Structures are given as structure tokens and as C-alpha cells.
Amino acid sequence: MAEIGQDIARAQALLKDGKVIGMPTETVYGLAANALDAHAAAQIFEIKNRPSFDPLIIHTDKLEKLENWVQCIPDQLKTLIAHFSPGPLTVLLPRKPIIPDLITSGLPRVAVRIPNHPLTLNLLAQLDFPLAAPSANPFGYVSPTQAEHVNRQLGDKIEYILDGGACKIGLESTIVGLENEKLTVYRKGGLAIEAIEEIVGKVYVNEHSDSNPAAPGMLKSHYSPNKKMHLIDGSSKFHFRERVGILSFCETWSEIGTQNQFILSPKGDLNEAAQHLFAGLRYLDEQDIDDIYLELVPEKGLGRAINDRLRRAAAH
Ligand code: TXA
Ligand code: MG
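Keep in mind the model is a prediction, meaning the values are calculated, not measured. (Residues numbered from 1 in each chain as written. Chains lettered and ligands numbered in written order. Predicted model: local features only at pLDDT ≥ 70, side-chain atom pairs only at ≥ 80, totals over all residues. Heavy atoms only, no water.)

Looking only at helices and strands, the protein chain has nine helices and 15 strands in total. In terms of overall size, the protein chain behaves like a compact globule, its C-alpha atoms giving a radius of gyration of 19 Å where 316 residues would be expected to give roughly 20 Å. Here the C-alpha coordinates of the protein chain stretch approximately 60 × 45 × 35 Å along the principal axes. Out of the 316 residues in the protein chain, the part that is buried amounts to 57%. Expressed as a percentage of contacts within the protein chain between residues at least 6 apart in sequence, the contacts between residues at least 24 apart total 67%. Summed over all atoms, the accessible surface of the protein chain reaches about 13600 Å², with 49% contributed by carbon and sulfur. Measuring between centres, the 32 positive side-chain charges of the protein chain sit 2 Å from its 39 negative side-chain charges. (Helix = DSSP H or I, 4+ residues; strand = E, 2+ residues; numbered from the N terminus. Rg over C-alpha atoms; globule rule 2.2 N^0.38 Å. Buried < 20%, exposed > 50% of the residue type's maximum accessible area, 1.4 Å probe, protein only. Contact = heavy atoms within 4.5 Å. Areas by Shrake-Rupley, 256 points an atom, 1.4 Å probe, with all protein chains shown as cover. Lys, Arg positive; Asp, Glu negative; His and termini not counted. Charge placed at Lys NZ, Arg CZ, Asp CG, Glu CD.)

Residues separated by three or four positions in an α-helix point in the same direction, a consequence of the helix having 3.6 residues per turn. When helix H1 (residues 8-16) is considered as a whole, its buried residues turn out to be Ile8, Ala11, Gln12, Leu14 and Leu15. Along H1, the residues classed as buried sweep out an arc of 165 degrees about the axis, all on the same side. Close packing links the buried residues of H1 with strand S2 (21-23), strand S3 (30-34), helix H5 (118-125), strand S7 (131-132) and strand S8 (160-162). Here H1 starts with a cap whose side-chain oxygen sits 3.2 Å from the backbone nitrogen of Ala9, and that cap is Asp7. Gly18 lies just past H1 and shows a positive phi near 80 degrees. (Arc of directions from axis to C-beta. Polar contact = N/O pair within 3.5 Å; in protein donor to acceptor, adjacent residues only side chain to side chain.)

For ligand 1, the set of nearby residues contains 24 residues, the closest of which are Thr27, Asp54, His59, Arg109 and Ser173. At 2.7 Å, a side-chain N or O of Thr27 approaches an oxygen atom of ligand 1. Contact with the protein chains hides 97% of the accessible area of ligand 1, taken as 680 Å² for the molecule alone. Residue assignment for the shell around ligand 1 shows that the elements contributing at least two residues are strand S4 (57-59) and strand S6 (109-113). For the shell around ligand 1, the leading source of residues is S6, giving three residues. (Near = heavy atom within 4 Å.)

All of the buried residues along helix H3 (residues 75-84) are Leu77, Leu80, Ile81 and Phe84. On an axial view of H3, the arc spanned by its buried residues comes to 100 degrees, and they lie on one face. Away from its buried face, by an angle of more than 90 degrees, H3 presents the exposed residues Asp75 and Ala82. Residues of H3 that are buried sit in contact with strand S5 (89-94), strand S9 (174-179), strand S10 (182-187) and helix H7 (193-200).

This brings us to the environment of Thr120. Among the secondary structure elements, Thr120 is positioned in helix H5. Owing to a relative accessible area of 0%, Thr120 belongs among the buried residues under this scheme. C-alpha of Thr120 to C-alpha of Asp61: the two residues are 59 residues apart in sequence and 8.4 Å apart in space. Residue contacts for Thr120: discarding those within four places in its chain leaves Met23, Pro24 and Pro115.

This brings us to the pattern of salt bridges. Counting across every chain of the model gives 18 salt bridges. Arg95 is the salt-bridge partner of Asp101, the closest N and O atoms lying 2.8 Å from each other. Here Asp101 falls in the exposed class, since its relative accessible area comes to 51%. Where Lys202 meets Glu197, a salt bridge forms, and the shortest distance between an N and an O atom there is 3.6 Å. The exposure class assigned to Lys202 is exposed, which follows from its relative accessible area of 75%. Put simply, Glu172, Asp308, Arg309 and Arg312 are held in one network by salt bridges that share partners. (Salt bridge = Lys/Arg side-chain N within 4 Å of Asp/Glu carboxyl O.)

The predicted coordinates of low-pLDDT regions are not to be read in fine detail. Averaged over every residue, the pLDDT of the protein chain is 92; the share at 70 or more is 92%. Note on residues 209-213: pLDDT under 50 across the span, and three contacts to partners over four residues away in sequence or across chains. (pLDDT = per-residue confidence, 0-100.)

It is the contact of helix H8 (residues 270-285) with helix H9 (residues 303-314), at a shortest axis distance of 9 Å, that shows an interaxial angle of 30 degrees. One finds that H8 runs roughly parallel with respect to H9. Along this stretch, H8 crosses H9, giving a crossing that reads as left-handed. In this structure, H8 contributes Leu270, Ala273, Ala274, Leu277 and Phe278 to the contact, and H9 contributes Gly303, Ile306, Arg309 and Leu310. Split into classes, the residues belonging to the contact of H8 with H9 amount to seven nonpolar, one polar and one charged. (Axes fitted to C-alpha atoms, helices over the stretch in contact; angles between N-to-C directions. Parallel < 35°, antiparallel > 145°, perpendicular 65-115°, else oblique. Left-handed = near helix turned anticlockwise from the far one by under 90°. Nonpolar A, V, L, I, M, F, W, Y, C, P; charged D, E, K, R; others polar.)

For S6, the buried fraction is high: four of the five residues fall into the buried class. Bridge count for S4 against S6 is three bridges, and the pairing is parallel. Note that in S6 the partner of Ile58 across the bridge is Val112. Where S5 meets S6, five bridges bridge the pair, whose relative direction is antiparallel. Opposite Leu92, over in S6, you have Ala111 as the bridge partner. (Pairing = 2+ DSSP bridges.)

Next up, the structure:
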């Protein structure tokens, strides 16, 4: 198992030495390595068992550092970064040649974000290279929102996990870029589309699927744990059998044993629901049941990203 702690100097030393560590962010935990060192970054793919055509996001602490790694920042994207960074926003920018092909899967743009976590911002401030960091889960499994989740799944493959507590947002970052000069959302995430639209007006939402290789990380079954999963919405009627569990938005279900229920937010708050989503999927995946019912949440704010993850989890 990896060691879990808050030793930034140790994390820094490991990263400078080309090693991979677990790192907290406000969205989910990342599996981090020096993004300018292709050999270090290659280990991320190996540890996650991630296909090399799935590009990585690079993380830094300051907008001013970006010019070392990207050619330019279009005005609209600069406005968004200024408003929402540090925070759950990732932008796609034309990369400089210093960014290895492995990071972008050979694509002309690199994904960049400034995460909003004090420990990680402190670490990034002491590094002169950005950190490549995908979510710290084995490929195809649920993203980790606690250091312990990382340790259980990847602890035998890394030496150290920086412990930043439970992630405050709980959903991966929202990915935004320009397509034909139109602001486009490539992944719904921890920054609500409504919040973006308040600043820059209407944006285009690109719904990714298996057939769209532009964002390979959005494969349909990307968030599935091990059990059979079924979607339900508020109006569905079900005859629940034995051995089923439910991930519900705010209500308890009298048909199902309490042990096999996970309620995302008893008070019906979508931000709280987002925070608990992946821990809930993990919890139910560990119960002695065969099927998990996933209740869709209201399709607004972070609810859009939550439903996106639920639909992917249920798609086989
Ligand atoms: O919140 C987050 O974004 C977390 C934390 C750790 O920062 N990271 C994360 O990384 O979710 P990951 O690797 O699990 O998802 C990154 C996704 C890729 O699968 C792909 O869809 C998209 O970001 N992506 C990355 N680089 C890209 C690029 N150059 N062009 C298009 N899409 C890109
Ligand atoms: Mg991921």
C-alpha cells in the first residue's frame, strides 16, 4: 500500500524524480506526474491501464505560467479562466512543442486546468513543470474522491498519496474549448454550464460518445462499477426484487433495505449530491446485491453532469 500523508516536500521530491503520486483536487483525486517528462507520464498510463489514445489534462497554479506551454489563449477562454480558476474548469489550448505527444495523444491542443485545492496549489507553486493528472482510478472505474479510494485501487503501484480530505466538488472538471470559434463544452463537469453562460452567453454542448474520437475519455461505460446498473426517473414504477440497491437523489425507498440504499442529498441539493455521487456508487458496488438502480436527478446545474455520469454508468 502507498503511504498517505500531507508532506509536500516529499511529493515534490518524488515528482522531480520522475515518479507518479496520488494528488487531491477539488473535483476528484488525480494520478500525477511531470507532464514535460514523457517517461514519467508514460507510467501514468501503465498504472491506470489506460489506452494511450486518451489524452491527459495538465495542472498548474498560475495563469502566467501557461505561456510556457501553450501558444496563445483566445480571449473568450481567458475570460473563463479569469472567472473560474482556480476551479473545476479545464480549457483546451494550442500546445507548444515542449508538451510531449503522449500528453495530448498527438492532438494539436492540450487540456489545462488550475485546480482549487490549497495543498495541491502549494505543491504546484513549487514546481517549474505542470503535472499531468488523470483521475486516479483504474481505467473504466469510478473516480476517487478520497485518498483511501486511491489507496485501495492503486496503492500497490505508487509510493505516496497526498491527503487532501474528501473532494469538495466530487465531479471531474468541465472541459471547454473553441470549435469553429464557438465556445464548446466537451465534458459536463463540476462547473455548471449555467455559470459559464452567465459570463460568456450561450455555449454549444458537444455530446460525446463512442463514435466521437475527439474526447476518448467520454466512452459510454467509463464510469461503470461491477454490478448491473439500471436508470430510473421520478415517474418509473418498479417491482423491486431481492438483492437490489438504489442510488437515490433525496428520498428513501421503503421497498429496499436501508443498507442497500444510498441517498445523495436528503435535502435535495445538487451540489451535495455531486459531492457524494462517486462514493455512493462505490458503496453500492460493495454491497451483496446484483443490481443497482440509479435515480436521475433534476437536469439543471450540476444535475446535468450527475445525470451524464449516471447514464454512462448504466450504458452497457
Ligand atoms: O477534474 C478533473 O479534470 C480530473 C482532476 C484529476 O483534475 N482529471 C480528469 O482527467 O478527469 P481524466 O484523464 O480522467 O479525463 C481527462 C479527459 C480525457 O479523457 C479527454 O476526454 C479530455 O479530458 N482531454 C484531455 N486532453 C484533451 C485534448 N487535448 N483534447 C481533447 N480532449 C482532451
Ligand atoms: Mg477519468
